[in-house]
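Listed below, chain by chain, are the residues.
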Amino acid sequence: MSSRRSRISEEEIAELLSKLQSLLPEARRRGTSRASSAKLLKETCNYIKSLHREVDDLSDRLSEMMATMDMDSAQAEIIRSLFRP
Amino acid sequence: MKSSTRNPNPNPDTPRFGPSKLMVAFRFLRALTLVHRTAPNSSNAARSRRIQRAAFASMAYSAGPRRAWSRALLWRLHFHRARRLCAGRSRAAGVPRRPSTTRSPADELRRLVPGGTGMDYCSLLEETADYIRCLSEQVKLMQSVVDSGGPRGR
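Below or above, wherever it landed, is the structure these notes cover. (Residues numbered from 1 in each chain as written. Chains lettered and ligands numbered in written order. Predicted model: local features only at pLDDT ≥ 70, side-chain atom pairs only at ≥ 80, totals over all residues. Heavy atoms only, no water.)

Looking at the interface of chain A and chain B
Reasoning step 1: Across the boundary between the two partners, chain A contributes 49 residues, which contact 54 residues of chain B.
Reasoning step 2: Interface of chain A and chain B: buried area, both sides summed, is about 5000 Å²; carbon and sulfur atoms make up 72% of it.
Reasoning step 3: Its largest share of buried area at the contact with chain B, chain A owes to His52, Met66 and Leu82 of chain A, together 13% of the area lost on that side.
Reasoning step 4: Summed over the shared surface of chain A and chain B, the number is one salt bridge.
Reasoning step 5: Note that lysine 49 of chain A and glutamate 108 of chain B form a salt bridge whose closest N and O atoms lie 2.9 Å from each other.
Reasoning step 6: The interface formed by chain A and chain B holds eight residue pairs in polar contact (both at pLDDT 80 or more) in total.
Reasoning step 7: Breaking the side of chain A that touches chain B down by element, the ones donating at least two residues are helix 2 (10-23), helix 3 (37-68) and helix 4 (71-83) of chain A.
Reasoning step 8: Ranked by the residues each element gives to the side of chain A that touches chain B, the list is headed by helix 3 of chain A, at 25 residues. (Contact = heavy atoms within 4.5 Å. Buried area = accessible area lost by both parts, 1.4 Å probe. Salt bridge = Lys/Arg side-chain N within 4 Å of Asp/Glu carboxyl O. Polar contact = N/O pair within 3.5 Å; in protein donor to acceptor, adjacent residues only side chain to side chain. Helix = DSSP H or I, 4+ residues; strand = E, 2+ residues; numbered from the N terminus.)

Quick look at the pattern of salt bridges
Residues and elements named next belong to chain B.
Reasoning step 1: Tallied over the full model, the rule gives seven salt bridges over all chains.
Reasoning step 2: For aspartate 107, the salt bridge is made with arginine 110, and the minimal N-O distance between the two is 2.9 Å. On the criterion of helical spacing, the pair formed by aspartate 107 and arginine 110 is a turn pair, its members being three residues apart in helix 4 (residues 105-112).
Reasoning step 3: Since its relative accessible area comes to 15%, arginine 110 is described here as buried.
Reasoning step 4: Taking the shortest distance from any N to any O, the salt bridge between aspartate 130 and arginine 133 comes out at 3.4 Å. One end of the pair, aspartate 130, and the other, arginine 133, are both in helix 5 (residues 121-149), three residues apart, so they sit about a helical turn from each other.
Reasoning step 5: Judged by its relative accessible area of 31%, arginine 133 falls in the partly exposed class.
Reasoning step 6: A network of salt bridges, in which partner residues are shared, links Arg66, Arg67, Glu127, Asp130 and Arg133. (Buried < 20%, exposed > 50% of the residue type's maximum accessible area, 1.4 Å probe, protein only.)

Quick notes on the packing of aromatic side chains
All names here are of chain B.
Reasoning step 1: According to the stated counting rule, one finds two aromatic pairs over all chains in the structure shown.
Reasoning step 2: A ring pair is formed by tryptophan 75 and phenylalanine 79, whose centres lie 4.9 Å apart and whose planes are at 10°; its orientation type is stacked. With a gap of four residues between them, tryptophan 75 and phenylalanine 79 both fall in helix 3 (residues 68-87), about one helical turn apart.
Reasoning step 3: With a relative accessible area of 36%, phenylalanine 79 lands in the partly exposed category. (Phe/Tyr/Trp six-rings, centres within 6.5 Å; stacked < 30°, edge-to-face > 60°.)

Quick look at the nonpolar core
Reasoning step 1: One finds Leu62 of chain A together with Phe28 of chain B to be the most contacted residues of the largest nonpolar core, which totals 55 residues.
Reasoning step 2: Sorting the residues of this core by element identifies helix 2, helix 3 and helix 4 of chain A together with helix 1 (19-38), helix 2 (44-63), helix 3, helix 4 and helix 5 of chain B as the ones contributing at least two each.
Reasoning step 3: The element that contributes the greatest number of residues to this core is helix 5 of chain B, accounting for twelve residues.
Reasoning step 4: Phenylalanine 28 of chain B has contacts with Leu62 of chain A together with Ile51, Ala54, Ala55, Ser58, Gln138, Leu141, Met142 and Val145 of chain B, leaving out every residue within four places of it along the chain. (Core = buried A, V, L, I, M, F, W, Y, C linked by side-chain atoms within 4.5 Å.)

Remarks on the environment of leucine 124 of chain B
Residues and elements named next belong to chain B.
Reasoning step 1: Assignment of secondary structure puts leucine 124 in helix 5.
Reasoning step 2: Overall, the relative accessible area of 0% leaves leucine 124 in the buried class.
Reasoning step 3: A sequence separation of 46 residues divides leucine 124 from histidine 78, and the C-alpha atoms of the two residues are 23 Å apart.

Spelled out as structure tokens, the structure:
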């Protein structure tokens, strides 16, 4: 493993970093140029944290919905929507 | 440049989610049904935690063992499940803890991505990219469940 690591070039790392950058939403890409990988990593961390928070919030909402909704018809609608373009 | 807004699908004939994403969706919906059926009288908070676990579980099961992050999540989910059965703790399993802010960015990333601690830099970057892709798909899925399931939608 360590011999593989020494063969990994700056280029490969730059490529991986740029791939990461492309995954960030546009608003988060500001200031994350190739020259500042630390900034990019920080933004990536922030983005992941915000995604975790969204999962949290959506779980709360789903939990509330579950208390009141008719599960069967909701399921049918959900499955239909998955196939809608 | 990749857009993160809705409809990544330029072709109107293909479904909104590809085949593997449909797998995640069905898995997640099945888990939701189970939560609904088996916990009708539990608190919102307890149900919410189960739903959150179901979200990470569907992600991890669908990614399978091919990724370090999904392996780590699966391990965590099973490990916590065993502990919960014994100790009755109610912390949501499979959910990464919040890290402190005094670490280097790479180390902070290692704490956020499941299985990241001890990973070499290159693998970390690859795993992070895959994790972000799957996580954002999961968020989209949950959002569309909320949109479809509510009485008047969003």
